[in-house]
Amino acid sequence: MSDAALCHPLPAPVPAAFRQVPVPGGSLACWDTGGDGAAVVLLHPGTGSHAVWGYQQPVLAAAGYRVIGYSRRGHMGSPATDDPGCAAEDLAALLDALGVARAHLLGCAAGAIVAFDFALAFPDRVARMVLACTHMGLEDADYAALSASLRPQGFAQMPGDFRELGPSYRAANPEGAAAWLALEHAAIPAGRVEQRRLNRLDRAALKRLAMPVLLVGGDADLWAPPPVFRLFQRALPGSELRILPECGHAAQWEQPEAFNAAVLGFFGRR
């Protein structure tokens, strides 16, 4: 893949209504493109917020979808609360407030873990689901040991762009890496909020997901390299898997054209 393929100008965003949506004990910053199309809800990484979807929002909206992005508690625009609440319950309250009975979910990294938990608790509210660039939060002891063995002690304290962005992207697109880092720095104005889960997330839980699922990984992802995603695919009957080349833990940012093509092809299937 050429260096040019790793450099992508941000497209112009589609106008969206911005609002604070009340949830039990707090509120969430949310934007919504509106319209009569099927809803797609974007669930951001732990390093992100509602503002990180510049490559996806206009593309999904142009394809006819109602696109919704929001920040979880403690992330840009959504105040941290004394009781951190439950991310899956917050998402259910958000959908209720927006009048969305059922949606496609697109979750990246920590956002994919929230989507996984939500889909277990509210399966009838999920049409199709994309889980991208994530270690899935699996609690199986053998998987936790495998995942921890992939990264050295202190990895979580290393610079965000090193942990999240692949070396090909950082080498070919320093401007894009700087833009990503600025969004990361703005994403969590105070301390990180650890929200509760509704379910135990393990291989057995993956097997309970009945909706169509697309798994998207990057071949240079330090959190979840391709063999880990193949493990997820084996545990998730009927799932599909795409591994994007020259891509780290932020596929939606590093390889947006390939990422968006995979997502649109999957969501558009009957």
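Anything mentioned here points back to the structure above.
Summarised in this report is the structure supplied together with it. (Residues numbered from 1 in each chain as written. Predicted model: local features only at pLDDT ≥ 70, side-chain atom pairs only at ≥ 80, totals over all residues. Heavy atoms only, no water.)

1. Things to note about the overall build of the protein chain
Here is step 1: Assigned secondary structure in the protein chain consists of 11 helices and 8 strands.
Here is step 2: The C-alpha radius of gyration of the protein chain comes to 17 Å, within 12% of the 18 Å expected for a compact globule of 270 residues.
Here is step 3: For the protein chain, the C-alpha atoms occupy an extent of roughly 45 × 40 × 40 Å along the three principal directions.
Here is step 4: Residues counted as buried form 55% of the 270 residues belonging to the protein chain. (Helix = DSSP H or I, 4+ residues; strand = E, 2+ residues; numbered from the N terminus. Rg over C-alpha atoms; globule rule 2.2 N^0.38 Å. Buried < 20%, exposed > 50% of the residue type's maximum accessible area, 1.4 Å probe, protein only.)

2. Some points on the pattern of salt bridges
Here is step 1: For the coordinates displayed, the defined rule picks out 11 salt bridges.
Here is step 2: Among the charged side chains, a network of salt bridges with common partners joins Glu139, Arg197, Arg200 and Asp202. (Salt bridge = Lys/Arg side-chain N within 4 Å of Asp/Glu carboxyl O.)

3. Remarks on the sheet that holds strand 8 (residues 240–244)
Here is step 1: In spatial order, the strands read 1-2-4-3-5-6-7-8; together these 8 strands make up an open sheet with mixed pairing. Edge positions in the open sheet fall to strand 1 (17–23) and strand 8, since each of these has one partner strand only. Mean inter-strand twist for the sheet, computed between neighbouring axes without regard to direction, equals 20°.
Here is step 2: Relative to strand 4 (residues 66–70), strand 2 (residues 26–32) runs antiparallel, the two sharing 3 bridges. Paired with Cys30 across the strands is Tyr70, a residue of strand 4.
Here is step 3: Along the sheet, helix 2 (residues 87–98) makes contact with strand 1, strand 2, strand 3 (39–43), strand 4 and strand 5 (103–108), crossing strand 1 at roughly 125°. (Pairing = 2+ DSSP bridges. Axes fitted to C-alpha atoms, helices over the stretch in contact; angles between N-to-C directions. Contact = heavy atoms within 4.5 Å.)

4. Some remarks on the environment of Leu244
Here is step 1: By the element assignment, Leu244 lies in strand 8.
Here is step 2: For Leu244, a relative accessible area of 2% corresponds to the buried category.
Here is step 3: A C-alpha to C-alpha distance of 26 Å links Leu244 and Ser71, two positions 173 residues apart in sequence.
Here is step 4: Leu244 has contacts with Val216, Gly217, Gly218, Asp219, Ala251, Gln255, Ala258 and Phe259, leaving out every residue within four places of it along the chain.

5. Observations regarding the nonpolar core
Here is step 1: Counting 49 residues, the largest nonpolar core has Met129 and Phe232 as its most contacted members.
Here is step 2: With residues near it in sequence (within four places) discarded, Phe232 still touches Thr134, His135, Met136, Leu138, Tyr143, Leu206 and Leu215.
Here is step 3: By size, the runner-up hydrophobic cluster in this structure holds 24 residues, among which are Val67, Leu214, Ala262 and Val263. (Core = buried A, V, L, I, M, F, W, Y, C linked by side-chain atoms within 4.5 Å.)

6. Comments concerning helix 7 (residues 174–187)
Here is step 1: If you check helix 7, its first and last C-alpha atoms are 20 Å apart, about what 14 residues at 1.5 Å a residue would give, namely 20 Å.
Here is step 2: Among all positions in helix 7, only Gly176, Ala177, Trp180, Glu184 and Ala187 are buried. Burial along helix 7 is one-sided: seen end-on, the buried residues are contained in an arc of 100°. Opposite the buried face of helix 7, at more than 90 degrees from it, the exposed residues are Glu175 and His185. (Expected span 1.5 Å × (residues − 1). Arc of directions from axis to C-beta.)

7. A closer look at the state of the cysteines
Here is step 1: Here the structure, examined in full by the defined rule, presents 0 disulfides.
Here is step 2: Free cysteine Cys86: the closest other cysteine sulfur is in Cys30, separated by 18 Å.
Here is step 3: Of the cysteine sulfurs around Cys247, a residue in no disulfide, the closest is that of Cys133, at 5.4 Å.
Here is step 4: Given a relative accessible area of 0%, Cys247 falls into the buried group. (Disulfide = S-S within 2.5 Å.)

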